[in-house]
Amino acid sequence: MTELQRLFLAYDQHHAAGRPCALATVVEVVGSAYRRPGARMLVTEDGELTGAISGGCLEGDARQRARRALAKGEPALVTYDTRDEDDPRHGLGPGCQGVVRILIEPLDFHDIQNPLEILRDFARHPAPAVLATVFETDASGLKAAVGQRVLLADTGVVRGTPLLAAPLAEAARATLAQGQSRVLDLATDAGPVRALLEVLTPPLRLVVYGAGNDAQPLVHLAASLGWHIVVVDGRPNLATPARFPEAAAVRLVPVRELEAATPDPQAYHVLLSHNYAYDLAALQTLLASPAPYIGLLGPRLKAQRLLDELSDAPATQVAQLQQRLHSPIGLDLGSETPEEIALAIVAEIQARHSGRQGRPLRERAGTVHKPAVSA
């Protein structure tokens, strides 16, 4: 379950119980911080928390401020400067060394434009999108207000505050093309605003070929990260939902049907079948696919033999397959058990998805996080 899904679940439970709640959102970070813009936390009137906006240092004060916002019925923008050793609100001293701005908003369960309902709209149609959130306006009394939002999907569909839709959507399109969240100062017909333009991406999709016992810890670990997982196998005694309750789908696909299948072009594919013919059929279906990652369990000799079997395929397709093929699969973690191997595979996929090399962070030049761009 993703963090967003956990927020939806808690939000629906609070709604059903008639329990007022507020949403705290990290909207801007300058310097270093544990969470990045877009991190969210739900706070009930009695102080129950779901999600996190920091490593635990800001939650206590944010809880109190959220309860005050609920009592007043008004949003609040709070700035935490963790560089200040004398600030008693977080007790970090020189810990994170950054400035974090948190937008706290009471939620109206009956307002279809409240932030969680807008995010739910994104989750129902998982495709890249940008959520523009106004968190600062001037004091001129114009119509722009803190908390107004615009959601722009990659299909061009816009949802949110009509008055701000045009200028925010224009900036959101540029942000979507850039693929990096940023904070912008924008001039609008409703007055100048400062907004977080947050890039929203759907869960990573993973297809696992093979439903053996070693696939179970892989699916379990990947599911804990909120990934959308499909398990494919030709053995009816193994390819069952009961064995993979966390998978979105478990498909019984014999090898002959696999050869004619059309793979998900956006998914990451892992071959764990322990069956040469099944692995070959999977590679044949993936030849013409732009799938970004193909991982193969087994020694290099097996991988080379499989590639040799594809010698009749177009040379360009085979060359592209070799570039995407990770075999032996996984990062070099010294893994031996199925659980350790699952960790190595998931770590390699996460690194590949994030454009990282999977090296120790202490060897990384520059910041740990990719910072949101401010302008």
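Reading the values: the criteria
Residues numbered from 1 in each chain as written. Predicted model: local features only at pLDDT ≥ 70, side-chain atom pairs only at ≥ 80, totals over all residues. Heavy atoms only, no water. Axes fitted to C-alpha atoms, helices over the stretch in contact; angles between N-to-C directions. Helix = DSSP H or I, 4+ residues; strand = E, 2+ residues; numbered from the N terminus. Parallel < 35°, antiparallel > 145°, perpendicular 65-115°, else oblique. Left-handed = near helix turned anticlockwise from the far one by under 90°. Contact = heavy atoms within 4.5 Å. Nonpolar A, V, L, I, M, F, W, Y, C, P; charged D, E, K, R; others polar. Buried < 20%, exposed > 50% of the residue type's maximum accessible area, 1.4 Å probe, protein only. Pairing = 2+ DSSP bridges. pLDDT = per-residue confidence, 0-100. Expected span 1.5 Å × (residues − 1).

Observations regarding the packing of helix α5 (residues 215–224) against helix α10 (residues 338–354)
Right, on to step 1. Packing of α5 against α10 leaves a shortest axis separation of 8 Å and a crossing angle of 45°. Classified by the angle between their axes, α5 and α10 sit oblique to one another. Note that α5 runs across α10; the crossing there is right-handed. On α10, the residues touching Pro 217, Leu 218, Leu 221 and Ala 222 of α5 are Pro 338, Glu 339, Ala 342, Leu 343, Ile 345 and Val 346.
Right, on to step 2. Here the contact of α5 with α10 is built from residues that sort into 9 nonpolar, no polar and 1 charged.

Remarks on the pairing of strand β10 (residues 193–200)
Right, on to step 1. Of all the 8 residues making up β10, 8 are buried; the element is thus mostly covered by neighbouring parts of the structure.
Right, on to step 2. Side-chain alternation along β10 places Val 193, Ala 195, Leu 197 and Val 199 on one buried face and Arg 194, Leu 196, Glu 198 and Leu 200 on a second face that is also buried.
Right, on to step 3. Where strand β6 (residues 129–137) and β10 come together, 8 bridges link them in antiparallel fashion. Across the sheet, Thr 137 pairs through a bridge with Val 193, a residue of β10.
Right, on to step 4. The sheet contact formed by strand β9 (residues 182–186) and β10 spans 5 bridges and is antiparallel. What sits directly across from Val 183, in β10, is Leu 196.

Section: the packing of helix α1 (residues 3–17) against helix α3 (residues 115–124)
Right, on to step 1. Running from N to C, α1 and α3 point in directions that differ by 130°, and their axes come no closer than 11 Å. When the axis of α1 is compared with that of α3, the two are oblique. Considering the relative orientation of α1 and α3, their crossing is left-handed. Between α1 and α3, the contacting residues are Leu 4, Leu 7, Phe 8, Tyr 11 and Asp 12 on the first element and Leu 116, Glu 117, Leu 119, Arg 120, Phe 122 and Ala 123 on the second.
Right, on to step 2. Looking at the contact of α1 with α3 residue by residue, the classes come out as 8 nonpolar, no polar and 3 charged.

Observations concerning the sheet that holds strand β2 (residues 40–44)
Right, on to step 1. Taking strand neighbours across the sheet as the criterion, the 5 strands line up as β3-β2-β1-β5-β4 in an open arrangement whose pairing is antiparallel. Each end of this open sheet is capped by a strand with a single partner; those strands are β3 (49–51) and β4 (76–81). Each strand of the sheet is rotated relative to its neighbour by a mean of 25°, with strand direction disregarded.
Right, on to step 2. Each of β1 (21–31), β2 and β3 is contacted by α1, which is oriented at about 15° to β2, the strand it contacts most.

Here we look at the confidence of the model for the protein
Right, on to step 1. Mean pLDDT for the protein: 89, with 93% of residues reaching 70 or above.
Right, on to step 2. The spread of mean pLDDT over the elements of the protein runs between strand β17 (residues 373–374), the lowest at 54, and strand β14 (residues 268–271), the highest at 98.

Concerning α1
Right, on to step 1. Relative to the 21 Å expected for 15 residues at 1.5 Å per residue, α1 spans 21 Å between its end C-alpha atoms, a close match to the ideal helical length.
Right, on to step 2. Where α1 is concerned, the buried positions are Leu 4, Leu 7, Phe 8, Ala 10, Tyr 11 and His 14.
Right, on to step 3. Looking at the buried side of α1, the elements it contacts are β1, β2, β3 and α3.
Right, on to step 4. Directly after α1, the chain includes Gly 18, whose backbone phi takes a positive value near 65°.

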